[in-house]
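Notes for the structure review
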Amino acid sequence: MIKPLGWGFQAALLAAAFVATTAGAHDLGKSDVSDDATGAIETFNVNGHTNTKGAFFQSLGTNGRSCSTCHVPDQAMSIAPPQIRQRFEQTRGSDPLFNAVDGANCANAKTSSESAHSLLLSHGLIRIALAVPAGAQFTVTAVHDPYGCALVTDSTGRLILSTYRRPLPSTNLRFLSTMMWDGRESPATSPLNNRQTIAANLHADLMQQAKDAVSTHAQGTVVPTDAQLNDIINFEMGLSTAQVYDRFAGSLDARGALGGARNLAGEEYYPGINDVLGADPNGIAFDESSMTLFAAWEGDGNSYRDEDNDGRGPFDRRAARSDIAAGEVLFNTLPIDISAVRGLNDSAALGSPAVIKGTCTTCHDAPNVGDHSLPLPLDIGIAHTPRAGLENDPNIEKGIAELNEPDLPVFLVSGCPTPFSAGQAVSFYTTDLGKGMISGLCSDLNRVKGPILRGLSARAPYFHNGAAATLLQAVNFYNQRFSMNLTQEQKRQLVAFLNAL
């Protein structure tokens, strides 16, 4: 079945042999294109057409789930609330996605109850149950437990904490510097930080991640075979996903622009490329202008024909492309005073600077990709709670007020020194302990990775907890969090650029 693309765009793409997007089809095309909120998203498979009978699409556990349950092409290989709600309505909650093991707010939920799946339906959140590490440097207690399973003791006496997160896309994987929001599938034995070892280590990490996904999310009782695991990994590693069409600007690879998944598939990458902290293994200095996809559209004052045949005149299209290019320039160069960020401002290696003069690309340095090219989990404040009286940083409080925060459990973390006043003990409130739940270290609390930015338009909501319903909300958060004083025009241009990724 072919999904309608609209705007006069359908004929041009289908003529180029772009084919079916439905997961029920026998084969997906080499290039899979689907409507999204601002145009069309493309997933390109360098390995050719995809046989949907492969292991990625097979139920390898006991509850009917496959990898494709939560990683769907028209949602940038993640899942998004509008389609989640549609699945719930069509199946009355019986789709495997809603299995209570992690598709409900708590594991003992009644799967047909809409309220039991409120976090998944509203914000696309999956429940991650993690044991508080033995010997952790901190203690944790639940102070707000809206669903009754925030912090429970299991049959072995372990303290299990419920964290709720967005499924990361299973595409663009060759650009990863760490796996999972908290890095738990990139152990010290196989880090993704060395050019000579990244291929082998990424394969090992993906193998372990696939095994863990089958045993937890799919409730598997049998470990997948190496052949099945390799089939999953080979499929995922062949995928590149990016926005290919904008409803106002038209084709995102027109007139010298480099948008779309096909261009992304050829993008150079290695661990440390353009590293902001000077760790590029080739000794190349950091270039803040790491995003150059739409440089060809900067200052384009020439009128041109309606090459996409969608009824939009050249002046409309020129204005839209100008906004995208201007947003890219802002992303690269707009000054930001970065303060009170765990992982940066408390870094002894950097001299623990109170303020770092940076730009968006300080934290999104991988060229034309947008994550960090070396592992650098950060706490910018997203996991801090919006509940009254529980946040003491006014900039974080104002930033969170711009968001559509879900009603998440809130935890009190005690016993750690504050990273910004040496030797002073501090207690703080959070909805997600981040990497600290893996390492048990105070220095890792609240820190999560920044995701790859390509394909944003198709996978709202944003941030690890889905707190930004739109990219404008995300921009507004940063504007308040770092006192950026953006104008309305700058906000519009940044959103236009982010939607074109």
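Presented here is an overview of the structure given in this document. (Residues numbered from 1 in each chain as written. Predicted model: local features only at pLDDT ≥ 70, side-chain atom pairs only at ≥ 80, totals over all residues. Heavy atoms only, no water.)

**Some details on the packing of aromatic side chains**
Taken as a whole and assessed by the stated rule, the structure comprises 13 aromatic pairs. Judged by centre distance (5.5 Å) and plane angle (75°), the ring pair of Phe-477 and Tyr-478 falls under edge-to-face. For Tyr-478, a relative accessible area of 26% corresponds to the partly exposed category. Taken together, a centroid distance of 6.4 Å and an interplanar angle of 20° make the contact between Tyr-478 and Phe-482 stacked. (Phe/Tyr/Trp six-rings, centres within 6.5 Å; stacked < 30°, edge-to-face > 60°. Buried < 20%, exposed > 50% of the residue type's maximum accessible area, 1.4 Å probe, protein only.)

**Some details on the packing of helix α4 (residues 198–216) against helix α5 (residues 226–237)**
Helix packing geometry: the angle between the two helix axes and the distance between the axes. For the pair α4 and α5, the least separation of the axes is 10 Å and the interaxial angle reads 115°. Relative to α5, α4 is oriented so that their crossing is right-handed. Here Leu-202, His-203, Leu-206, Met-207, Ala-210 and Lys-211 of α4 lie close against α5, whose contacting residues are Asp-226, Leu-229, Asn-230, Ile-233, Glu-236 and Met-237. Broken down by class, the residue content of the contact of α4 with α5 amounts to seven nonpolar, two polar and three charged. (Axes fitted to C-alpha atoms, helices over the stretch in contact; angles between N-to-C directions. Helix = DSSP H or I, 4+ residues; strand = E, 2+ residues; numbered from the N terminus. Left-handed = near helix turned anticlockwise from the far one by under 90°. Contact = heavy atoms within 4.5 Å. Nonpolar A, V, L, I, M, F, W, Y, C, P; charged D, E, K, R; others polar.)

**Topic: the state of the cysteines**
All chains considered together, the criterion is met by two disulfides. Note on cysteine connectivity: Cys-106 is disulfide-linked to Cys-149, with sulfurs 1.9 Å apart. One quick way to see it: the torsion about the S-S bond of Cys-106 and Cys-149 is about -90°, and its sign makes the bridge left-handed. With Cys-106 in the loop between α2 (81–91) and α3 (118–123) and Cys-149 in the loop between β6 (139–144) and β7 (151–153), this pair connects stretches of sequence that are 43 residues apart. When sorted by exposure, Cys-106 lands in the same class as Cys-149, which is buried. A disulfide bridge connects Cys-416 with Cys-442, and the sulfur atoms are separated by 1.9 Å. One quick way to see it: the torsion about the S-S bond of Cys-416 and Cys-442 is about -75°, and its sign makes the bridge left-handed. (Disulfide = S-S within 2.5 Å.)

**With respect to the packing of helix α11 (residues 471–481) against helix α12 (residues 488–499)**
For the pair α11 and α12, interaxial distance at closest approach is 9 Å and the crossing angle is 125°. In terms of axis orientation, α11 runs oblique to α12. Pair α11 / α12 crosses with right-handed handedness. Where α11 approaches α12, its residues Leu-471, Leu-472, Val-475, Asn-476 and Asn-479 are matched on the opposing element by Lys-491, Leu-494, Val-495, Leu-498 and Asn-499. (Parallel < 35°, antiparallel > 145°, perpendicular 65-115°, else oblique.)

**Description of the sheet that holds strand β2 (residues 31–36)**
Read from one edge of the open sheet, four strands run β2-β3-β9-β10, paired in antiparallel fashion. Strand pairing shows two members of the sheet lacking a second neighbour, β2 and β10 (250–251), which therefore form its edges. The pairing of strand β3 (residues 39–45) with strand β9 (residues 239–246) spans seven bridges and is classified as antiparallel. For Gly-39, the partnering residue across the bridge sits in β9 and is Asp-246. (Pairing = 2+ DSSP bridges.)

**Some details on the sheet that holds strand β8 (residues 159–165)**
The antiparallel open sheet is built from three strands, whose spatial order is β5-β8-β7. Pairing within the sheet leaves two strands with one partner each, and these edge strands are β5 (126–131) and β7. Mean inter-strand twist for the sheet, computed between neighbouring axes without regard to direction, equals 30°. Here three bridges tie β7 to β8, and the two strands are oriented antiparallel to one another. When the bridges of β8 are listed, Leu-151 appears paired with Leu-161.

**Points about the pattern of salt bridges**
Within this structure, the stated rule accounts for eleven salt bridges. Notably, a salt bridge pairs Asp-95 with Arg-87, separated by 3.2 Å at the nearest N-O pair. Taken individually, Asp-95 and Arg-87 each receive the classification buried, so the pair is uniform in this respect. Each member of the salt-bridge network shares a partner with another, and the members are Arg-165, Asp-182, Arg-184 and Asp-432. (Salt bridge = Lys/Arg side-chain N within 4 Å of Asp/Glu carboxyl O.)

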